[in-house]
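Chain by chain, the residues:
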Amino acid sequence: MRLSVDDHGALARTIADFLAGERSLTGLDLYYQLERSTPLLEFHTVLRRGPRNRDHSGLQQSYGDHNRLLMLGLDKLMDGDLAWYSTRLDVGSEVSEVDLLACFRAVAELGITSEVLVALWLGAALHDCGMLCGRGASIDVEDGVVLGRDLVAELCPAGLDTLATFVLRHHDYIKGAFLGEVPCALIADDLALIDPAKRRMALVGLGLVQVAGAASLGEGRLERFRMELCERCLDGSALDDETVLTRLGRLLAATPNAARPTSDRAASALDGLEANQRDTLVSFLARVAVHRWQRVAEALGPDERIAALVSVADAWAGTDADHVVLAGDAPRDSASASPSFSVARMDTALSGLRFCVLDRVTVAPPTRPA
């Protein structure tokens, strides 16, 4: 299954005219045309769950609504539209007008070209396209890389297809990196495959999609975490720290943020494990993503989190998985203070990467050296 444009070349001509300076075009304009000529229109039949994705009128937001708002958010970000973004902040958000204006200035100073902008638009427009395969969260990103490949090749300006694909694949992995769920090396390795002259813009694209994406959720959920994440992408420092200790520090933190966490707690947690547990966990943290960790571990303290992570790593060790997905929300129970996990199934994305889905069981905390 691949996405293709069924419009007899109309969108390609529109993009070419825009790049030649012969017509105007916005990200939202491009998305509307994609909806009319590809299966992306189907996203209006898929609803986002939960009361936070319901607008004031009582209508539930669809993924189509979300995608349109994301593209509009990118346009408003390029325009520096303070009034619009001020209405898209999360309830209780600490993001100030000063923060927004500083972000707008930083974006304006980048001098993003029309060619790069089209590549960013395409990556953002297709960011959820893997959902059309219907195989569930997390694996859909890797399915989307393959699903959108032909469309990117057809519409992307020359030499920028890898940038568009980078944004498509890593649009949410970058958030996962600051939550500890994704190793920074996973993103950095892909970034290294991009022309050095275009790498900065690829990382910038992830930051812009994070801000516009948060603003597009429900009535708006832009908060400080996303703003700080975007700042790190814009200044090029987002992937500077690929160490296992930093990642573990983020996984153990109850409220992760985009600042560099202290590694003291992480080092102490590793030192408290048996050698074989420590070796397996370090190997896991160095190269494997663990999706939905923060949701599953939300109610857990640091000691419970390290015990759960040891169980996740032990379950993964018997597989060849590149990604781990935690099923369920793992409520705490009276049988064990710490959730543990076992392999439920394996799956392979269209990109060829292997996913291991873990179900929750209960087990005692890990043994510690005498």
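Residues numbered from 1 in each chain as written. Predicted model: local features only at pLDDT ≥ 70, side-chain atom pairs only at ≥ 80, totals over all residues. Heavy atoms only, no water.

(A) Spatial organisation of the overall build of the chain. Counting its regular elements, the chain contains 18 helices and four strands. Here the C-alpha atoms of the chain give a radius of gyration of 21 Å, agreeing with the 21 Å that 2.2 N^0.38 yields for 370 residues. Oriented by its inertia axes, the alpha-carbon framework of the chain measures out at about 75 × 45 × 45 Å. Burial status across the chain gives 53% buried among its 370 residues. For the chain, contacts bridging at least 24 residues in sequence account for 72% of all contacts bridging at least 6. Element-wise, carbon and sulfur atoms account for 50% of the exposed surface of the chain, whose accessible area totals about 15,800 Å². Taking the 37 positively charged and 52 negatively charged side chains of the chain as two groups, their mean positions are separated by 3 Å. (Helix = DSSP H or I, 4+ residues; strand = E, 2+ residues; numbered from the N terminus. Rg over C-alpha atoms; globule rule 2.2 N^0.38 Å. Buried < 20%, exposed > 50% of the residue type's maximum accessible area, 1.4 Å probe, protein only. Contact = heavy atoms within 4.5 Å. Areas by Shrake-Rupley, 256 points an atom, 1.4 Å probe, with all protein chains shown as cover. Lys, Arg positive; Asp, Glu negative; His and termini not counted. Charge placed at Lys NZ, Arg CZ, Asp CG, Glu CD.)

(B) Region of interest: the packing of aromatic side chains. Taken as a whole, this structure holds five aromatic pairs when the rule is applied. Ring centres of phenylalanine 284 and tryptophan 316 lie 5.4 Å apart, and the angle between their planes is 65 degrees; this geometry places the pair in the edge-to-face category. Of this pair, phenylalanine 284 sits in helix H16 (residues 275-287) while tryptophan 316 sits in helix H18 (residues 302-317), placing them 32 residues apart in sequence. A connected cluster of aromatic rings, assembled from ring pairs, spans Trp84, Tyr85 and Phe104. (Phe/Tyr/Trp six-rings, centres within 6.5 Å; stacked < 30°, edge-to-face > 60°.)

(C) Examining the pairing of strand S2 (residues 323-326) more closely. Alternating residues of S2 divide into His323 and Val325 and Val324 and Leu326, and every residue in both groups is buried. As paired strands, strand S1 (residues 289-291) and S2 are joined by three bridges and run parallel to one another. By the bridge assignment for S2, alanine 289 is matched with histidine 323. (Pairing = 2+ DSSP bridges.)

(D) Local environment of the packing of helix H3 (residues 63-79) against helix H12 (residues 199-215). Their axes nearest at 8 Å, the elements H3 and H12 cross at an angle of 120 degrees. Considered as vectors, H3 and H12 are oriented oblique to each other. At the point where H3 passes H12, the crossing takes the right-handed sense. Each of His66, Leu70, Gly73, Leu74 and Leu77 in H3 lies in contact with H12, whose residues at this interface are Leu208, Val209, Val211, Ala212 and Gly213. (Axes fitted to C-alpha atoms, helices over the stretch in contact; angles between N-to-C directions. Parallel < 35°, antiparallel > 145°, perpendicular 65-115°, else oblique. Left-handed = near helix turned anticlockwise from the far one by under 90°.)

(E) Layout of the pattern of salt bridges. Taken as a whole and judged by the stated rule, the model has 14 salt bridges. Linking arginine 52 and aspartate 90 is a salt bridge whose minimum nitrogen-to-oxygen distance equals 2.6 Å. In this pair, arginine 52 sits in the loop between helix H2 (27-37) and H3 while aspartate 90 sits in the loop between helix H4 (82-86) and helix H5 (97-109), placing the two residues 38 residues apart along the sequence. Classification of arginine 52 by relative accessible area gives partly exposed; the value is 49%. For aspartate 320, the salt bridge identified is with arginine 354, shortest N-O distance 3.3 Å. Placement of the pair is aspartate 320 in the loop between H18 and S2 and arginine 354 in strand S4 (residues 354-362), with a sequence separation of 34 residues. The network of salt bridges with shared partners includes Glu94, Asp99 and Arg224. (Salt bridge = Lys/Arg side-chain N within 4 Å of Asp/Glu carboxyl O.)

(F) Expanded view of the environment of aspartate 195. In this structure, aspartate 195 sits in the loop between helix H11 (184-191) and H12. Note: C-alpha distance between aspartate 195 and methionine 71 (124 residues apart in sequence) is 25 Å. At 2.9 Å, the side chain of aspartate 195 forms a polar contact with the backbone nitrogen of alanine 197. (Polar contact = N/O pair within 3.5 Å; in protein donor to acceptor, adjacent residues only side chain to side chain.)

(G) View of empty space enclosed by the protein. Applying the stated criterion to the full structure yields one cavity of 30 Å³ or more. Lining the largest cavity, in full, are Leu74, Met78, Leu117, Leu120, Trp121, Gly205, Leu208 and Val209. Elements with a contribution of two residues or more to the lining of the largest cavity: H3, helix H6 (114-125) and H12. Of the residues belonging to the lining of the largest cavity, the class tally is seven nonpolar, one polar and no charged. (1 Å grid on protein atoms, 1.4 Å probe; cavity = no way out; pocket = protein on both sides within 12 Å on 5 of 7 lines; lining within 4 Å. Points joined across faces, edges and corners; volume = space filled by probe spheres on them. Nonpolar A, V, L, I, M, F, W, Y, C, P; charged D, E, K, R; others polar.)

(H) Spotlight on the nonpolar core. One finds Met71, Tyr85, Trp121, Ile174, Ile187, Leu208 and Leu239 to be the most contacted residues of the largest nonpolar core, which totals 85 residues. The element best represented in this core is H12, accounting for 11 residues. With near-sequence residues (within four places) excluded, isoleucine 187 lies in contact with Phe166, His170, Tyr173, Ile174, Ala177, Val182, Leu206 and Leu239. In this structure, Leu270, Leu281, Val296 and Leu326 belong to the second largest nonpolar core, which totals 31 residues. (Core = buried A, V, L, I, M, F, W, Y, C linked by side-chain atoms within 4.5 Å.)

(I) Inspection of helix H9 (residues 161-170) at higher detail. Among the 10 residues that make up H9, seven are buried, leaving the element largely enclosed by the rest of the structure. Against the buried residues of H9 lie H6, helix H7 (139-147), helix H8 (149-155), helix H10 (173-179), H11 and H12.

(J) Here's a closer look at H3. In this model H3 runs 24 Å from its N-terminal to its C-terminal C-alpha over 17 residues, within 8% of the 24 Å that 1.5 Å per residue would give. Among the residues of H3, Tyr63, Gly64, His66, Asn67, Leu70, Met71, Gly73, Leu74, Asp75 and Leu77 are the ones counted as buried. Among the structural elements, H2, H4, H5, H6 and H12 are those in contact with the buried residues of H3. The N-capping residue of H3, defined by a side-chain oxygen 3.2 Å from the backbone nitrogen of glycine 64, is serine 62. Glycine 80 lies just past H3 and shows a positive phi near 65 degrees. (Expected span 1.5 Å × (residues − 1).)

(K) Seen up close, the side chain of aspartate 128. The topology assignment puts aspartate 128 in the loop between H6 and H7. One buried charged side chain, aspartate 128, makes no salt bridge at all; its nearest oppositely charged neighbour is arginine 48, positioned 5.3 Å away. Once you skip the residues sitting within four places of it in the chain, aspartate 128 turns out to touch Phe43, Tyr63, His66, Asn67 and His171.

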